[in-house]
Amino acid sequence: MSPLYSQHIRNLFSKQKFNKLSRKQIFLYILGICCLCIALIVTNHNYSLYKKPIAEVVKTNVVEKNKSADLNHNKDTVYSQEIVAKIMNGKYKGRLIHLENTYSYSGAYDQKYTVGTDLFVSLEKNSQHVLNGTIEGVKRDKQVTAVAGLFILILLAIGRKQGFYSIISLFINIVLLIGALNVYLALGNVSLLAVCIVAVVLFTVISLLLVSGNQEKTHVAIISTLIGTFVALLIAYIVMQLTDSNGLHYEGMEFVTIPPQKIFMSEVLIGSLGAVMDVAITITSSVYELYEKNKEIAHKDLLKSGKEIGGDIMGAMTNILFFSYISGTIPMVLLYLKNGSPLGYTFSMNFSLELIRALTGSIGIVLTIPITLYLSILFIFRKGNRK
Amino acid sequence: MNVLLLLALILFILMSMVGGKKGIRSFLALFLNFGVIFLTILFMLSIKNTIIVTLIASTIISCINLFYINKFNHKTLAAFVSTIITLAVLVLFIFIIEHHAMIQGFGEEQEEEINAFSLYVGIDFAKIAICTIIMGAIGAIIDISLSISSSMNELFVHDPSVTKKNLFNSGLKIGRDILGTTTNTLYFAFVGGYLTLIIWFKRLSYSFGDIINSKTFCAEVISILSGGIGVAIIIPITSWISASIFLQKREKANHMYK
């Protein structure tokens, strides 16, 4: 790190306040914990909100246990489970129901149920005295609420005000994304990419304004983020055209309901946006901070420090994207390989799309560094308050 | 020419132009990381205790990203120790969550893709789910811990007489400043990968209740939130460990001086 950058960091320290919790903050924390408790109680007792019958497991019994081996000599154990559960809603509320379940040691697509689990069930109408039914799925809403509540509490406890702003911006981003997809589905004839481009502009403007306020460096960060993301997307598009999409395996894509080529570009665009924004904001803050501290700083020195900071964050940011994309493929790759699929085939079916996503995002990140740097310097020196 | 190769070539040229030698090291680290993940998967095919495999893999990945890109010194050492502690805490946390939320393996939305395969393959997919979540967040966790420890080191160099408490508080402050952008980065990266899933839910008109209880959706949400929790808890952990390591170094130096 350059001495100038150190200067920036030292200033960061001198500004800090070692504040203790004020009465207002304590009140807000208690309020937050109360909200969480209420949410947990509600999700634990919301059975009547569901139309589907829900049953809580009260007794389980393993009736059969078989060793299995498949064509590729994978050994597993398959269990049969008899379950007695109590119906929690609807007209049979309070009555017991008998269910059967088969599960394996692997649990790739099945599940062992234990006492206390809430299950969605479908009832068989023909039986009069003893209710029978089949398991449709697991009720997971209270677990998700608990994790979300814990996330919010930890972010507030550690992040304080900044934690609060991150939760707000996360929330706005979720609402925006759902809104954008609703618009896309409602309009019907517009391309997803066009909707995503508009959404990306909104995401960028709102998130960055929220994080660093309405000031010149935020404007620079917004412009650089947009240029960086779109240029990266353009590069990916040109590369795909040049190579006739050789090596792209859309067959490996999941949950596809519309032509995959269209959706892939939109995914790449949204996926890299967060990282690119992060880079733009780090560079603008550092460059502006350096300038504020030393208004006599030479053009050359500012550029040099900026480049150094860029080099420092480049590796870390590309890694974040890379890991979050690749990690999701692990279960599927294991399934392919265990089923005797050749390594090369497994690789291209599962990794090619994810790697293209990660590479395009990384190109966006790296491009954004010089774009942000030169734009910041351009804005600073354009102001004319320098002699 | 293959799309992947051409994009990798473009990235290499850009990284070496913008970042110089460090850029080239970062580029190589990406491939080393991919190699580690690939080897991890191969090991998981035969080794039953996949959690141990995950922990060893995360240790190697931390070594690559901290010691190879940034060289071995007390800054990267502090970041390394904090990363390992955070990951261990996170593994325990996800283990408990996974047990209750049952998000392992594949959801019914993936049925079409997996129905050609034998599903009784003898791997405990609950442990694989833990591995998946840890690997998804490890990049962000390493990034935050290094940012905090190197900024704390800058302060320590400029003010060697700083008290441990002040140094710790400074670490928290730096961490808070980057918390928001990092959780945002994770959010967009995950959402980008699951745009199709959200459209699927909308197309097939899932109700709110269907979505919030579906395995695929829950797995996704829990991944993002666990990553966010990891990114938050590493802030105090790194601040404390860096403060301890830096001050220990000072005491050692003082002792020798006397």
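Residues numbered from 1 in each chain as written. Chains lettered and ligands numbered in written order. Predicted model: local features only at pLDDT ≥ 70, side-chain atom pairs only at ≥ 80, totals over all residues. Heavy atoms only, no water.

Visitor: Which parts of the structure should I look at to understand the overall build of chain A?
Guide: A tally of helices and strands in chain A yields nine helices and five strands. Ordered by position from the N terminus, the helices and strands of chain A form the series α-α-β-β-β-β-β-α-α-α-α-α-α-α. Here chain A has a C-alpha radius of gyration of 27 Å; the compact-globule value for 387 residues is 21 Å, and the former is much larger. Structurally, chain A occupies a C-alpha span of about 95 × 65 × 45 Å along its principal axes. Counting across all 387 residues of chain A, residues that qualify as buried make up 53%. Long-range pairs, those at least 24 residues apart, make up 68% of the contacts in chain A with a sequence separation of at least 6. (Helix = DSSP H or I, 4+ residues; strand = E, 2+ residues; numbered from the N terminus. Rg over C-alpha atoms; globule rule 2.2 N^0.38 Å. Buried < 20%, exposed > 50% of the residue type's maximum accessible area, 1.4 Å probe, protein only. Contact = heavy atoms within 4.5 Å.)

Visitor: Is there a simple way to think about the overall build of chain B in this case?
Guide: Each helix and strand counted, chain B has nine helices and zero strands in total. Mapped in sequence order, the helices and strands of chain B form the string α-α-α-α-α-α-α-α-α. Expressed along its principal axes, the backbone C-alpha trace of chain B runs to roughly 70 × 45 × 35 Å. Relative to its full complement of 258 residues, chain B shows a buried share of 62%. Taking contacts inside chain B between residues at least 6 apart in sequence as the whole, the part at least 24 apart equals 78%. Per element, the accessible surface of chain B, about 10,000 Å² overall, is 69% carbon and sulfur. Averaging the positions of the 18 positive and the 14 negative side-chain charges in chain B gives two centres separated by 18 Å. (Areas by Shrake-Rupley, 256 points an atom, 1.4 Å probe, with all protein chains shown as cover. Lys, Arg positive; Asp, Glu negative; His and termini not counted. Charge placed at Lys NZ, Arg CZ, Asp CG, Glu CD.)

Visitor: How should the pattern of salt bridges be read in this particular structure?
Guide: Opposite charge on two side chains permits them to pair, given that their charged atoms come into close proximity. Residues and elements named next belong to chain A. Going through the model one piece at a time under the given rule, you end up with nine salt bridges over all chains. Put simply, K295 and E292 hold a salt bridge, and the shortest N to O gap is 3.8 Å. Overall, the relative accessible area of 41% leaves E292 in the partly exposed class. (Salt bridge = Lys/Arg side-chain N within 4 Å of Asp/Glu carboxyl O.)

Visitor: Would you mind going over the environment of H219 of chain A with me for this structure?
Guide: Residue and element names in this part refer to chain A. With respect to the helices, strands and loops of the structure, H219 is situated in helix α5 (residues 216-242). Take H219: its relative accessible area is 35%, and that puts it in the partly exposed class. Separated by 157 residues in sequence, H219 and S376 place their C-alpha atoms 9.6 Å apart.

Visitor: Would you mind going over helix α6 (residues 260-293) of chain A with me for this structure?
Guide: Residues and elements named next belong to chain A. Look at α6: 50 Å from first C-alpha to last across 34 residues, which is about the 50 Å you get at 1.5 Å a residue. At L273, α6 shows its maximal bend, which comes to roughly 35 degrees. Of all 34 residues in α6, 28 are buried; the element is thus mostly enclosed. (Expected span 1.5 Å × (residues − 1). Bend = angle between axes of the 7 residues up to and from the residue.)

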